[in-house]
Amino acid sequence: MIFVDIDFATTPYRPLYIALNFLISYLSLQMAFLFLTKTRKTRKKDNKTMARIYSAFTILFTGATIITIIIALKRYWNYDPWWVQKFIYVTMCLMIFIFTAVLEHHYIQIGEFKSKHFFTIWTGILFMGFLLLNPESAYIWVLILAGIVPLLIPVLFAIFLVTKTAGTLRKRMILLIFSTFFLYIGIALSMDTMLERIPSEIFLIIGMILMLLSLNGVYLAWYRVDVVAEAGWQNHLETLFIIRKLTHNLIYSLDLTDISGLQNKDTSEGNNKKINKSKDESFITGGIIGIDSLIKSISESKAEQKGLKLIEQENKYIFLEHGVDIITCLITNKNLNTYRYYLRTIRNLFETFYVSKTIDWSNLEQSVFAPMEQEVKKILNINK
Amino acid sequence: MLNVEYPLSGTGPEISFGLEVILVYISFQMFGVFIYRYLTSTFKEQNLRNLAWSMIFLGYGITYIFYIIADYFINPAVRDYFSQYGYISLTSGITLYALLSEYIEKSKWYPVTIFCGTFLVLSIISLILGHRDMTLNLAFLAVPFAAVYILRYFYKYAKITNFNKRVLGKIAGLFLSMLIILAGYFFVSDAMTARFGPDIRVLSASLNIIGVICFMFAILNLPDYREFVWKQHLRALFIVRTSGILLFNRFWKRENKENSNEYLIGGALSSIQTVLSNITEETSINRMELEDKALLFKMYPDKDVVGCIIADEYIDSLNERLNVFLDRFDVMFGGSLKDWDGNTQVFLPLESICDEVFMEKPQTD
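Going along each chain's sequence as written, the residues are numbered from 1 onward. Numbering of ligands from 1 and lettering of chains from A proceed in the order in which they are written. At least 70 in pLDDT is required for a residue's local features to be given in this predicted model, at least 80 for side-chain atom pairs to be given and counted, and no such filter applies to totals for whole chains, interfaces and linings, which use all residues.

Peer 1: I'd like a description of the interface of chain A and chain B, backed by residues and values.
Peer 2: Any two residues are considered in contact once their C-beta atoms, placed from the backbone, lie within 7 Å. Each partner contributes to the interface: chain A provides 35 residues, whereas chain B provides 31 residues. Mapped by element, the contributors of at least two residues to the side of chain A that touches chain B are α1 (14-44), α2 (48-77), α12 (279-298) and β3 (308-313) of chain A. A run of H or I in DSSP becomes a helix once it reaches four residues, and a run of E becomes a strand once it reaches two; helices and strands are each numbered from the N terminus. Considering each element in turn, the side of chain A that touches chain B owes the most residues, nine residues, to α12 of chain A. Put simply, Ala, Val, Leu, Ile, Met, Phe, Trp, Tyr, Cys and Pro go in the nonpolar bin, Asp, Glu, Lys and Arg in the charged bin, and everything else, Gly too, in the polar bin. Each residue belonging to the side of chain A that touches chain B can be placed in one class, and the counts come to 20 nonpolar, seven polar and eight charged. Of the pairings in the sheet, the one linking β3 of chain A to strand β3 (residues 285-290) of chain B comprises five bridges and is antiparallel in character. Across the sheet, the residue bridging to Ile311 of chain A is Met288 of chain B, located in β3 of chain B. In this analysis, strands are considered paired if DSSP registers two or more bridges between them.

What follows is the structure in structure tokens.
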């Protein structure tokens, strides 16, 4: 195969390369600022773990900005002292090391990764290798190829976020996975070491455009939403209630305080128990219905079928979704957009299976809802 | 004066070219952000304001595309045309901004739009007649004029918020960023390039980028436009003892006067709190949201007092005003509430405090 030797001084695409390179630098800087803002916001809320994760992203993109600027100086204006190539490798590896260490440590702690700091150790060794090895050495390729392994960490992180999010947020996380994937291809096609191995200049242009588009994708995925907090929605669940509007009966309830050992109290206590069995339940259902109608009357609300949406207390949030005949109600200790999505899905599920059917509600056994337990757990992503 | 050759070349111009590409990108990014807000916002006035801002950034972005083509790529013989397209794009953006702004403000004669529109028509005539200098002069007149008009809007913004410090800081930022953008725009001119050489474009583009980013940061962090029409959304205020006794109330909007007995509402608010505390074991409520209404609460558990605002939607400004009102209430009556004998007449001074905090007289029957 014939490879091209791109001379950046004479190539007719020089202005295009300069423009793309500048835009990539700017977008990296923009990403760094985005995560810096998120770090500051989460630090204000005293959430140190999330602040650390966002700081890792800030470091990653700050490093990327510096590297892209140096690459531009080297390629287009021949700024190429002896240390430049080494600086690029070492900085790139250092920021990946910090990023990997923070992310892996956090996800091992919460039990999502079982990697035992493998990726951190791997990038640490790579960092030492790049630090000690001459960039002109033939062995540098071994390190570059070995550098593919830690690239899995952002992908695993994005997959984890996809599994933990729902609705629009999940779509954004899918965009993040694709963007990360295309970003890697873009970086691979634009690397200096690749330039002598590509058959046409068009590959470099494609690589840079891919980087540009995927950086935009990554930005859109993270823009104006606290993805990490939303992904932790399961940690703040307390109770789910489903109430029949007409009779004020509690038709279903699920204690979510201990998701790992989740048990549906109603069904575990016996399938033959009638709904509305305990005083507490009637108090809760009556209370919610009562509050709903009182508030509608006090505020002169014209939302006929749809009533109360949210009750915010000091450390508790009650989310409500109104259906034709039922109200789904979720008590949590954090206000996250994700809950609304799940609540709607559960409401639709119950309406499809029960409300639309002719049922004698007055004489209904709790066992009727036993099949729903698995469905609800599936919706709420509960494995046990 | 230096003899500058177009298209510009060399290290300095190449860097300024890269920076100007970033500037175009940021302008279009801002255009996209405002268009997105325009398409997704449900609040009509804010919607159009977003569309107005998007026009400014669209005009600015297109202007710089023409400048880049004119100064870095095109044959000097046709350069003038591209420069003029740039000026016309800028004036078009400004005119559209003025048109939408005056429509939002319900202007009777649309004076700024007519003024900017005249500039635009004259610029197009100059282009047809080939008078580049004329178009340039018109653009250089239109830009500061538009800047003054935008500043006037920010002044109004500050005034509506009662010169709130939080908003004033942002508006100062906007003012400063506009000065930086104007300085950057000043240095992009041919006269400045001829005076200081093509490298001045690096300074010009850098100033422009810094200015536009600061502008973007300040404007995107300005409080929601809804905050300034909080009065329109305010319906009622209640101060209730947790036992249900109504201490003070005021209605701003009331659709059904017969049904809304304030004493019953006081009792209802109190019972809601009791029921909720039994459900969630939390004693306080911060807010309740319905599809078309919101209730904002502020509790003084040690003083046995609850403040509640009923509004058409949740607005931060209302929450802040409720806090201010209850703080004033606490200063005045906090000490004597325990020994209160049930005479609601003692709370009469609250009428004046309410007038002051909510800046409005009650609805007269």
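Peer 1: Explain the domain arrangement of chain A to me, and be specific about the residues and the numbers.
Peer 2: All names here are of chain A. Domain limits in this description derive from either an automatic procedure or a database domain assignment. Under the domain assignment, chain A is made up of domain 1 (14-231) and domain 2 (235-379). Taking only C-alpha atoms, the centre of domain 1 and the centre of domain 2 are 43 Å apart. On the side of domain 2, five residues touch domain 1, which itself brings six residues to the contact. Sorting the residues of the side of domain 1 that touches domain 2 by element identifies α7 (167-190) and α10 (227-231) as the ones contributing at least two each. For the side of domain 1 that touches domain 2, the residue count by class is three nonpolar, two polar and one charged.

Peer 1: Quick one: what's the story with the environment of Ile209 of chain A, residue by residue and with numbers?
Peer 2: Residues and elements named next belong to chain A. Tracing the backbone through its elements, the reader meets Ile209 in helix α9 (residues 201-222). Residue Ile209 is classed as partly exposed on the basis of its C-beta count, with 18 C-beta atoms lying within 10 Å. C-alpha separation for the pair Ile209 and Met194, spaced 15 residues apart in sequence, amounts to 16 Å. Put plainly, a residue is buried at 20 or more neighbouring C-beta atoms within 10 Å of its own, exposed at 12 or fewer, and partly exposed in between, counting only other residues' C-beta atoms, which are placed from the backbone.

Peer 1: I'd love a proper account of unusual backbone geometry, names of residues and values included.
Peer 2: Excluding glycine, a negative phi dihedral is what most residues carry, and trans is how most peptide bonds are arranged. Geometrically, the link from Tyr6 of chain B to Pro7 of chain B is a cis peptide bond, its omega value of 0° lying close to zero. Within the fold, Pro7 of chain B resides in the segment before α1 (11-40). The phi dihedral of Asn78 of chain A is positive, around 50°, even though this residue is not glycine. As for its position among the elements, Asn78 of chain A is in the loop between α2 and α3 (84-109). C-beta crowding within 10 Å serves as the criterion here: with 9 such atoms nearby, Asn78 of chain A is assigned to the exposed category.

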